[in-house]
Amino acid sequence: MTPPTAIAFPGMGPTKFADVAKFALINPFARELYAVADEVLGYDLFAALRDSAADYAEADQVAFLVHSLALARWAEHEHGFTPLLVTGASFGGKAAAVHSGALSAADGIRLTAQLVRLETEYFATRHADVVTLSFARTPPDELAAALAELDDWHELSCEVDVDLAMVSLKRDRVEWLSDRLRAAGGLPLYVMDPPLHVSLFTDLRDRIEAELLPALEFRDPAVPVVADQDGSPRTTADGVRTMLLDGVVRAVRWPAVVRSLKGSGIERLCVAGPDALFGRVPGTTDNFTVLAATPRLATRPRRRPALV
């Protein structure tokens, strides 16, 4: 009997072209979505990804979406399950919206590309002094103490696990906070610039709503979407639409997603996409059997039965 399963789409991280090229070329689900992307974008996505010199360029972000969606379809086919719920952390929310049926693949690709262009324009002139610092091995009490000493604006942008989070703050305070966290045994990881999930960006949220979303067709999802901001299930077109907009200004709360999935009876979580974080933290692995769907696994040769 198939255990109750949900699909989770991870947040985006840097991905090497060599790690995804074979999957993009030979996986039938990926090839189908690449064809959709080429038509929507008006250029060859594979070639653009191959030639990209930046981790978060337009081609890289669209390709990450395409790979995640293709891997979800591959996992369903390979392992023979239908998800009861779908969720996505940060960037993964767009993939969740598409895979749930709330958006078409073409609209999801279109939105991803347009968001890159709009955000590039926005951050060229706005909030240049704000970045997002991620860190691990920092228990909540140690983080609270450090932030209480931080004599400047800051806010939590992402709660991943009990000791892993991301805080947005002024650029000139990153060194201080990094040193303070190290002194408490924490491990600063990397700085994201532009920053993510910050309440200051209400004007960016408004622009996305006014300039990008009217051209997209949102539908009620065929599979409920669990919002990464609070773990609430979204079962209507407007609910998914609002979730995507709120991702601009509200923090990701992965433990709330885990509680929601667990409370809904989910036993297995398929993490679809290149992931080094959300499917690996103890909060996830302690609560679910994790079924990874990665480009490497999807291109691994099938074992032939032994000859007798």
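Note: the structure precedes this text.
Fair warning: this is a prediction, and the values are worked out from it, not measured in the lab. Sequence order as written defines residue numbering, which begins from 1 separately in each chain. It should be noted that, the model being predicted, local features are given only for residues of pLDDT at least 70 and side-chain atom pairs only at 80 or more, the latter also being counted only at that level, while totals for whole chains, interfaces and linings use all residues. Remark: hydrogens and water are excluded; side-chain values derive from all non-hydrogen atoms of the structure.

*Asks:* What's the story with the side chain of T112 in this structure? I'm lost.
*Replies:* Elements are defined by DSSP. Helices are runs of H or I of four residues or more, strands are runs of E of two residues or more, and each kind is numbered from the N terminus. Here T112 shows up in helix α6 (residues 105-125). A distance of 2.8 Å separates a polar side-chain atom of T112 from the backbone oxygen of G108. We call two residues contacting when some pair of their heavy atoms lies within 4.5 Å. Those residues in contact with T112 that sit more than four places away from it in its chain are Q61, V62, L65, F91 and K94. Polar contacts, as counted here, are pairs of nitrogen or oxygen atoms within 3.5 Å of one another; within protein the pair requires one atom able to donate a hydrogen and one able to accept it, and residues that are adjacent in sequence qualify only if both atoms are side-chain atoms.

*Asks:* Just to check I follow, could you spell out the environment of D230 for this structure?
*Replies:* If you trace the backbone, D230 turns up in the loop between β7 (225-226) and β8 (233-234). Partly exposed residues are those whose accessible area sits between 20% and 50% of the maximum for their type, while under 20% is buried and over 50% is exposed, using a 1.4 Å probe and protein chains only. You can call D230 partly exposed: its relative accessible area is 35%. Spatially, the C-alpha atom of D230 lies 7.7 Å from that of V252, the residues being 22 residues apart in sequence. Setting aside chain neighbours within four positions, we find D230 in contact with R250 and A256. At 2.7 Å, the side chain of D230 forms a polar contact with the side chain of S232.

*Asks:* Hey, could you run me through the pairing of strand β4 (residues 154-161) in this one?
*Replies:* In regular strands, side chains alternate between the two faces of the sheet. Here the rule is simple: two strands pair whenever DSSP picks up at least two bridges between them. Alignment of β4 against strand β5 (residues 164-170), held across 6 bridges, turns out to be antiparallel. Across the sheet, residue D161 finds its bridge partner in β5, namely L164. A loop of 2 residues connects β4 with β5, the two strands running antiparallel in sequence. Where β4 and strand β9 (residues 252-253) come together, 2 bridges link them in parallel fashion. Paired with E159 across the two strands is R253, which belongs to β9.

*Asks:* Quick question: what am I supposed to make of the packing of aromatic side chains here?
*Replies:* The description of an aromatic ring pair rests on the distance of the ring centres and on the angle between the ring planes. A pair of aromatic rings is counted whenever rings of Phe, Tyr or Trp (Trp by its six-membered ring) have centres within 6.5 Å, and the orientation is called stacked for planes under 30 degrees apart, edge-to-face for over 60 and tilted otherwise. Per the stated rule, a full pass over the model turns up 7 aromatic pairs. Ring geometry for F123 versus F201: centroids 5.2 Å apart, planes at 75°, classification edge-to-face. With F123 in helix α6 and F201 in the loop between β6 (187-192) and α9 (202-212), this pair connects stretches of sequence that are 78 residues apart. A residue is classified by how much of its surface remains accessible, and F201, at 1% relative accessible area, is buried. Grouped by ring-pair contacts, the aromatic residues F17, Y34 and F46 constitute a single cluster. In this scheme, Lys NZ or Arg CZ marks a charge over a ring once it lies within 6 Å of the ring centre and within 35 degrees of the ring normal. It is K262 that lies over the ring of F288; its NZ or CZ is 5.8 Å from the centre.

*Asks:* What is the right way to read the pairing of β5 from this model?
*Replies:* Counting buried residues in β5 gives 6 out of 7 residues, a clear majority hidden from the surface. In this sheet, β5 lies alongside strand β3 (residues 130-136) in antiparallel orientation, the contact comprising 6 bridges. Bridge pairing links T132 to S168 in β5.

Everything listed here is a matter of geometry and, on its own, says nothing about what the molecule does.
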